[in-house]
Amino acid sequence: MAKVIPRPDLGVWERLYIGEIVKGLMTTFGHAGKALTNPAHFPTLQYPEQQPDIPRDYRSRHRLMKRADGSPRCVACYMCSTACPARCINIVAEESPDKHIEKRPVRFEIDLLLCVFCGYCVEACPCDAIRMDTKQAILVGGDRASFVADKAKLMDWEPKDYPADDIQSQKAPGGTLNAKALEELRSGSDH
Ligand code: SF4
Ligand code: SF4
């Protein structure tokens, strides 16, 4: 049942609106004065020089996960590009020289201007080869080409920028678990 909210009775002064306008302007000028005298008081970022610190589980720009030897974990199965509703993942596969792996991507591109950041690609991947946890959600570029993330760009990340308990990141080159993972990879037990 609808709830009827009675209109408040306005006095003459309120009907003139002058007092309310003055009160509103005082609030506006009060904030403007604080912003000029104490900019740190406001949670305003000097974008794009300053970027917001977003949570790790926010769906941000993609990265391709790396094996201990630096090669991509991706096996070019096309499941991510098949699941992608925006059809913005372009993969070209080639045969892998590793006898444990059938294929690898020779080309892997994501057009970030078409991407809707739904995360379906991450969900579809059977081997945790693609993630959206880079914390880079603000994308800036001068032309369309700069928004196409290629394989090199997708693999350009450092384990030190990821949590110590993120095992797959720490197994990548430069990670805290890399030496052991490399040993396992060479002995063939990490496939
Ligand atoms: S986040 Fe969604 S739209 Fe973007 S590449 Fe992945 S599946 Fe496609
Ligand atoms: S990222 Fe994952 S789902 Fe996409 S092609 Fe590579 S292995 Fe397959």
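**Regarding the overall build of the protein**
In step 1: For the protein, the helix and strand inventory stands at seven helices and five strands.
In step 2: Here the C-alpha atoms of the protein give a radius of gyration of 26 Å, more than 25% beyond the 16 Å that 2.2 N^0.38 yields for 191 residues.
In step 3: With respect to the principal axes defined by its C-alpha atoms, the protein has extents near 85 × 45 × 40 Å.
In step 4: Looking at the protein as a whole, 18% of its 191 residues qualify as buried.
In step 5: Pairs at least 24 residues apart make up 64% of the contacts formed inside the protein by residues separated by at least 6 positions.

**Notes on the site of ligand 1**
In step 1: Contacts to ligand 1 come from 14 residues, most closely from Cys 84, Cys 115, Cys 118, Tyr 120 and Cys 121.
In step 2: A class-by-class count of the residues in the shell around ligand 1 yields 13 nonpolar, one polar and no charged.

**Considerations on the pairing of strand S3 (residues 103-111)**
Consecutive residues of a regular strand have side chains that alternate between opposite faces of the sheet.
In step 1: Relative to S3, strand S2 (residues 89-95) runs antiparallel, the two being bridged by seven bridges. Its bridge partner being in S3, Val 92 is matched across the sheet by Arg 107.
In step 2: Of the pairings in the sheet, the one linking S3 to strand S5 (residues 148-149) comprises two bridges and is antiparallel in character. Its bridge partner being in S5, Ile 110 is matched across the sheet by Ala 149.

**Brief notes about helix H2 (residues 18-37)**
In step 1: With 20 residues, H2 extends 28 Å from end C-alpha to end C-alpha; this agrees with the ideal 28 Å at 1.5 Å per step.
In step 2: Here H2 lies mainly on the outside; zero of its 20 residues are buried.

**Some words on the environment of Thr 134**
In step 1: For Thr 134, the position within the fold is in the loop between strand S4 (130-131) and S5.
In step 2: Between the C-alpha atoms of Thr 134 and Gln 170, which are 36 residues apart in sequence, the distance is 14 Å.
In step 3: For Thr 134, the contacting residues outside a window of four places in its chain are Ser 60, Arg 61, Arg 63 and Trp 157.

**Points about the sheet that holds S5**
In step 1: One open sheet holds the three strands; their spatial order is S2-S3-S5, and the pairing between them is antiparallel. On the outer flanks of this sheet lie S2 and S5, each paired with one strand and no other.

**Description of the nonpolar core**
In step 1: Formed by 16 residues in total, the largest nonpolar core has its most connected members in Leu 64, Cys 74, Cys 80, Cys 121, Cys 125, Ala 129 and Ile 130.
In step 2: With residues near it in sequence (within four places) discarded, Cys 121 still touches Cys 80, Ala 83, Cys 84, Ile 89 and Ile 130.

**Examining unusual backbone geometry**
In step 1: Unlike most non-glycine residues, Tyr 78 shows phi in positive territory, near 70°.
In step 2: Checked against the element boundaries, Tyr 78 lands in the loop between strand S1 (63-64) and helix H3 (79-83).
In step 3: For Tyr 78, a count of 14 C-beta atoms within 10 Å gives the class partly exposed.
In step 4: Phi is positive for Phe 117, close to 55°, though the residue is something other than glycine.
In step 5: Note that Phe 117 resides in the loop between S3 and helix H4 (120-124).
In step 6: Using a count of 15 C-beta atoms within 10 Å as the deciding quantity, one classes Phe 117 as partly exposed.

Criteria and cut-off values
- Residues numbered from 1 in each chain as written.
- Chains lettered and ligands numbered in written order.
- Predicted model: local features only at pLDDT ≥ 70, side-chain atom pairs only at ≥ 80, totals over all residues.
- Helix = DSSP H or I, 4+ residues; strand = E, 2+ residues; numbered from the N terminus.
- Rg over C-alpha atoms; globule rule 2.2 N^0.38 Å.
- Buried ≥ 20, exposed ≤ 12 C-beta atoms within 10 Å, placed from the backbone.
- Contact = placed C-beta atoms within 7 Å.
- Near = placed C-beta within 6 Å.
- Nonpolar A, V, L, I, M, F, W, Y, C, P; charged D, E, K, R; others polar.
- Pairing = 2+ DSSP bridges.
- Expected span 1.5 Å × (residues − 1).
- Core = buried A, V, L, I, M, F, W, Y, C linked by C-beta atoms within 7 Å.

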